[in-house]
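Listed below are the residues making up each chain.
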Amino acid sequence: MNSRLPFDTVLIANRGEIALRILCACRQLNLKVVCVYSEADRQAPYLALADQSICIGPASPSASYLNVEAILMAAAATGAGAIHPGYGFLSENAAFADAVAEAGLVFIGPSGDCIRTMGDKIAAKRAMVAAGVPCVPGPDERLPDDPKVIEGIAAEIGYPVIIKAAGGGGGRGMRIIRSATELREAVELTRKEAARFFGNPTIYMEKFLDRPRHVEIQVMCDSHGNAVWLGDRDCSLQRRHQKVIEEAPAPGIGRGRIAEIGELCAGACREIGYSGAGTFEFLYEDGAFYFIEMNTRVQVEHPVTEMVTGIDIVAEQIKVALGDELSICQEDVRCDGHSIECRINAEDPYTFAPRPGRVTALALPGGPGVRSDTHLALGYEIPTHYDSMIAKVITHGRSRGEAIERMQGALKQLRIEGPACNALLHAELLEDDGFVSGNIDIHHLEHLLAERASR
Ligand code: ADP
């Protein structure tokens, strides 16, 4: 081991395409890799590429990929010096980040304290207000118990309002209220749900925006106080709050306006001592940005930013964890052309029912400006226990039109037989007038699907 480095082996506490993505970044940096896997992932093709792989428990995520003790034991048994959590699973679990540090290992991500602050939506909002980042109108405080006071807060914000669980996530623990008559019951229900799902009954209220777009800013920070923003993404095409197609940059928004928001995000990171990769999510309506939450990890859609900036976000995360200063300064960050990502799920393109299976034929798209991120291989049996995303197809073009055309070509090349996949839905969406216009709100896809169902 190079004695100057804090670690030379990275344990990847995740699975699927992101495990392979992190493995590739480690190889680029000449680091050794330990993969962990559940009993259901024993056949995962990328395990053969790791220096060591170790089973951490049964298929159920709570017994394996969420099992802190098993993961720390795997690190100790294999001599790993750092843990990359990927996305989902333990990636935004502050107690896990603390436990990794307490075990004398490096957590590839921000500190447990930063994760904790950003995981509490009220604390996050307060930190953003303090840093001058624009937030959705509404108090950055918990709702009190007195129904009369709550009515007063709603009247001041103006209906419709939304109440949200401070500890919420995954699009749950939220309720829209359109008039005072619904208020009392909705508050009670949301409090109960918040306590049940997130173990924390604290709720807060803000303005409900009717037709916003989802626009986010990628940031990257080191442990020496440097922070840069790497452009923006539009992820408005969503079904049940799950992103379906993402792109960079967000079409039709002035670059000067994006730069203002980007600078505020980078400033907020310096203020809270953030290190690693992160994403500030905003709702964008009538020319204004409203912060909703920060993701303190790498995101599924990070490749579109990599394609337009040429920066390897995962390698940068690892270098920052090694103690390096950022290899880029803000002036070096360029946004070149346009990039689109389609999330390929093993599901029926019409009913969305999960349809995993054994891969009996596989052709991945390639060629200029085309990237396929996937862990699939011929003969691989997709386990039924996890998220249905099995691949991401990403294209880059000099213009948005070229990125779309390349995606249309790429989807024709893509062939996955055995499991079902949603490539047909993507092909349809790429021809939708709303999508082509580049100015759709977060409800657009749901409306489109409702229309399709009624035909
Ligand atoms: P989660 O952490 O559960 O993903 P978010 O705060 O990110 O919760 O919100 C999830 C989604 O809910 C947003 O992408 C948006 O579609 C909707 N949403 C949240 N807050 C508002 C709001 N104030 N107005 C309108 N829609 C909202």
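Above this text sits the structure in question.
Residues numbered from 1 in each chain as written. Predicted model: local features only at pLDDT ≥ 70, side-chain atom pairs only at ≥ 80, totals over all residues. Heavy atoms only, no water.

### Quick notes on the nonpolar core
Taken as a class, soluble globular proteins show a tendency for nonpolar side chains to be buried jointly.
1) Next: By size, the foremost hydrophobic cluster in this structure holds 63 residues, and its most contacted members are Phe7, Leu11, Cys35, Ile71, Ile83, Leu230 and Ile318.
2) Next: Mapped onto this core, the elements with two or more residues apiece are β1 (9-12), α1 (16-28), β2 (32-38), α2 (68-78), β4 (82-84), α3 (94-102), β10 (227-239) and α10 (313-321).
3) Next: When sequence neighbours within four positions are dropped, the list of residues in contact with Leu230 reads Gln218, Met220, Thr305, Thr309, Ile311, Ile313, Ile328 and Val333.
4) Next: Core analysis: the next-biggest nonpolar cluster, separate from the first, contains 32 residues, Ile340, Phe352, Met407 and Leu414 among them. (Core = buried A, V, L, I, M, F, W, Y, C linked by side-chain atoms within 4.5 Å. Buried < 20%, exposed > 50% of the residue type's maximum accessible area, 1.4 Å probe, protein only. Helix = DSSP H or I, 4+ residues; strand = E, 2+ residues; numbered from the N terminus. Contact = heavy atoms within 4.5 Å.)

### Digging into the side chain of Arg297
1) Next: Along the polypeptide, Arg297 turns up in the loop between β13 (288-295) and α9 (302-309).
2) Next: The exposure class of Arg297 is buried, given its relative accessible area of 17%.
3) Next: At 3.0 Å, the side chain of Arg297 forms a polar contact with the side chain of Glu92.
4) Next: When residues no more than four places from it in sequence are discounted, the contact partners of Arg297 are Gly86, Tyr87, Gly88, Ser91, Glu92, Tyr274, Ala277 and Gly278. (Polar contact = N/O pair within 3.5 Å; in protein donor to acceptor, adjacent residues only side chain to side chain.)

### Here's the deal with helix α5 (residues 121-130)
Three or four residues apart is the spacing at which side chains of an α-helix point the same way, because the helix has 3.6 residues per turn.
1) Next: Along α5, the positions that sit buried rather than exposed are Lys121, Ile122, Ala124, Lys125, Ala127 and Met128.
2) Next: Of the surrounding secondary structure, the elements contacted by the buried residues of α5 are α4 (112-119), β6 (161-165), β8 (203-207), α8 (255-272), β12 (276-285) and β13.
3) Next: Its side-chain oxygen at 2.9 Å from the backbone nitrogen of Ile122, Asp120 defines the N-terminal cap of α5.

### Structural notes on the site of the ligand
1) Next: Near the ligand there are 19 residues, and of these Lys121, Lys164, Gly171, Lys207 and Glu293 occur at the shortest range.
2) Next: The backbone of Lys207 places a nitrogen or oxygen atom 2.9 Å from a nitrogen atom of the ligand.
3) Next: Leu209 has a polar backbone atom sitting 2.9 Å from a nitrogen atom of the ligand.
4) Next: Within the complex, 93% of the 550 Å² of free accessible area of the ligand lies under protein.
5) Next: For the shell around the ligand, the secondary-structure elements that each account for two or more residues are β6, β8, β12 and β13.
6) Next: For the shell around the ligand, the residue count by class is 8 nonpolar, 4 polar and 7 charged. (Near = heavy atom within 4 Å. Areas by Shrake-Rupley, 256 points an atom, 1.4 Å probe, with all protein chains shown as cover. Nonpolar A, V, L, I, M, F, W, Y, C, P; charged D, E, K, R; others polar.)

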